[in-house]
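Results of the structural survey
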Amino acid sequence: NSHPRSLTKNFIYSIINTVSGLLFPLFTFPYATRVLMPEGIGQVNFYNSIIAYVTLLVGMVFYNGIREIARVRDNKEELTRVTIELLSLSVFLCIGGYLIIGGVCLWIDPIKENFPLFLILSSILFFNAIDVIGFICGVEDFKYITFRGLIVRV
C-alpha cells in the first residue's frame with residue numbers, strides 16, 4: 001500500500017526536477033548573454049562541449065552502478081561495499097578524465113589561450129566524480145534529488 005504512494009511521490013518529484021531544469025535557463029540565459037556577449041557564450045559552449053564528452057565517458061561506468069545499488073539497497077553491508085567501490089572507481093576515472101583534459105589543453109591552441117576559463121569549466125568533471133546522485137537514485141530518494149537540484153540551480 002505504501003509502494004504506490006512512494007511511486008506517486010517519486011513521480012511528482014521527478015516532474016518538479018525536470019520542469020525546474022527546463023525553466024531555470026529561461027531566466028539565467030538572457031543575463032549570461034548580456035554579460036558574456038556572443039563571443040563569450042561561444043567560447044563557453046565550445047569548452048563545455050569538450051568537457052561534456054569527457055564527463056560522459058567518465059560517468060558512464062558510475063551510472064551503471066545505480067542498478068547495483070538498487071539491488072543491494074536493503075542490505076547495509078553490501079550497500080556500503082558497492083558504494084565505496086563505485087566512488088573509488090569514480091575518483092579513478094575522474095583522474096583519467098583530467099589527464100584527457102590536460103592533453104586537450106596541450107593540443108588545442110585556443111584552449112591554451114584561455115586556460116583559466118577551461119579549467120574552471122572542467123570543475124564539472126570533479127563535481128560529477130564526487131556526486132552521489134547515482135546512490136540516491138539507487139535508493140530511490142527522489143525528494144532529496146529534487147531539492148538538491150533546485151538548490152544547485154538557484
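Calculation rules
- Residues numbered from 1 in each chain as written.
- Predicted model: local features only at pLDDT ≥ 70, side-chain atom pairs only at ≥ 80, totals over all residues.
- Heavy atoms only, no water.
- Helix = DSSP H or I, 4+ residues; strand = E, 2+ residues; numbered from the N terminus.
- Buried < 20%, exposed > 50% of the residue type's maximum accessible area, 1.4 Å probe, protein only.
- Contact = heavy atoms within 4.5 Å.
- Areas by Shrake-Rupley, 256 points an atom, 1.4 Å probe, with all protein chains shown as cover.
- Salt bridge = Lys/Arg side-chain N within 4 Å of Asp/Glu carboxyl O.
- Axes fitted to C-alpha atoms, helices over the stretch in contact; angles between N-to-C directions.
- Parallel < 35°, antiparallel > 145°, perpendicular 65-115°, else oblique.
- Left-handed = near helix turned anticlockwise from the far one by under 90°.
- Nonpolar A, V, L, I, M, F, W, Y, C, P; charged D, E, K, R; others polar.
- 1 Å grid on protein atoms, 1.4 Å probe; cavity = no way out; pocket = protein on both sides within 12 Å on 5 of 7 lines; lining within 4 Å.
- Points joined across faces, edges and corners; volume = space filled by probe spheres on them.
- Patch = residues over 30% accessible without salt bridge, like charges linked within 9 Å, V, L, I, M, F, W, Y side chains within 5 Å.
- pLDDT = per-residue confidence, 0-100.
- Polar contact = N/O pair within 3.5 Å; in protein donor to acceptor, adjacent residues only side chain to side chain.

1. A word on the overall build of the chain
- Of the regular secondary structure elements, the chain holds 8 helices and 0 strands.
- When the helices and strands of the chain are listed from N to C terminus, the series reads α-α-α-α-α-α-α-α.
- Counting every position in the chain, which comprises 154 residues, the buried fraction comes to 28%.
- Residue pairs at least 24 apart in sequence account for 75% of intrachain contacts in the chain once pairs closer than 6 positions are excluded.
- By element, 70% of the accessible surface of the chain is carried by carbon and sulfur atoms, the whole surface being about 10,500 Å².

2. Points about the side chain of S122
- Relative to the assigned elements, S122 resides in the loop between α5 (115–121) and α6 (123–130).
- Taking relative accessible area as the criterion, S122 reaches 0% and is therefore assigned buried.
- Residues within four places of S122 in sequence aside, it is in contact with I51, Y98 and I101.

3. Side note on the pattern of salt bridges
- In this structure the tally under the stated criterion is 3 salt bridges.
- Put simply, E78 and R81 hold a salt bridge, and the shortest N to O gap is 2.7 Å. With E78 and R81 both in helix α3 (residues 76–107), this residue pair falls 3 residues apart, about one helical turn.
- Overall, the relative accessible area of 27% leaves E78 in the partly exposed class.
- With its nearest N and O atoms 3.4 Å apart, the salt bridge here joins D109 to K112.

4. Remarks on the packing of helix α2 (residues 65–72) against α3
- Packing of α2 against α3 brings their axes to within 9 Å, and their N-to-C directions diverge by 165°. In this view, α2 runs roughly antiparallel relative to α3, as classed from their interaxial angle. Considering only the axes of α2 and α3, their crossing is left-handed. Seen from α2, the contacting residues are G65, E68, I69 and V72; seen from α3, they are E78, L79, V82 and L86.
- Tallied by class, the residues present in the contact of α2 with α3 amount to 5 nonpolar, 1 polar and 2 charged.

5. Quick look at the layout of surface pockets
- A volume near 460 Å³ is recorded for the largest pocket.
- In terms of lining, the largest pocket is formed by T28, F29, A32, I41, V44, N45, N48, I124, R148, G149, V152 and R153.
- Of all the secondary structure elements, the ones that give two or more residues to the lining of the largest pocket are α1 (2–63) and α8 (142–153).
- Of the residues forming the lining of the largest pocket, the biggest block, 7 residues, is contributed by α1.
- Residue classes in the lining of the largest pocket are distributed as 6 nonpolar, 4 polar and 2 charged.

6. Looking at a nonpolar patch on the surface
- A contiguous nonpolar surface patch, about 790 Å² in accessible area, is contributed by F11, I12, I15, I16, V19, L23, L26 and F27.
- Within the secondary structure, F11 is located in helix α1.

7. Regarding the confidence of the model for the chain
- The predicted model of the chain averages 81 in pLDDT, with 87% of residues at 70 or higher.
- Taken element by element, the chain is modelled with least confidence in helix α7 (residues 133–138), mean pLDDT 64, and with most confidence in α5, mean pLDDT 87.

8. Quick look at the environment of S49
- Tracing the backbone through its elements, the reader meets S49 in helix α1.
- In this structure S49 comes out as partly exposed when scored by relative accessible area, which is 31%.
- Among the polar contacts listed, one links the side chain of S49 to the backbone oxygen of F46, at a separation of 2.6 Å.

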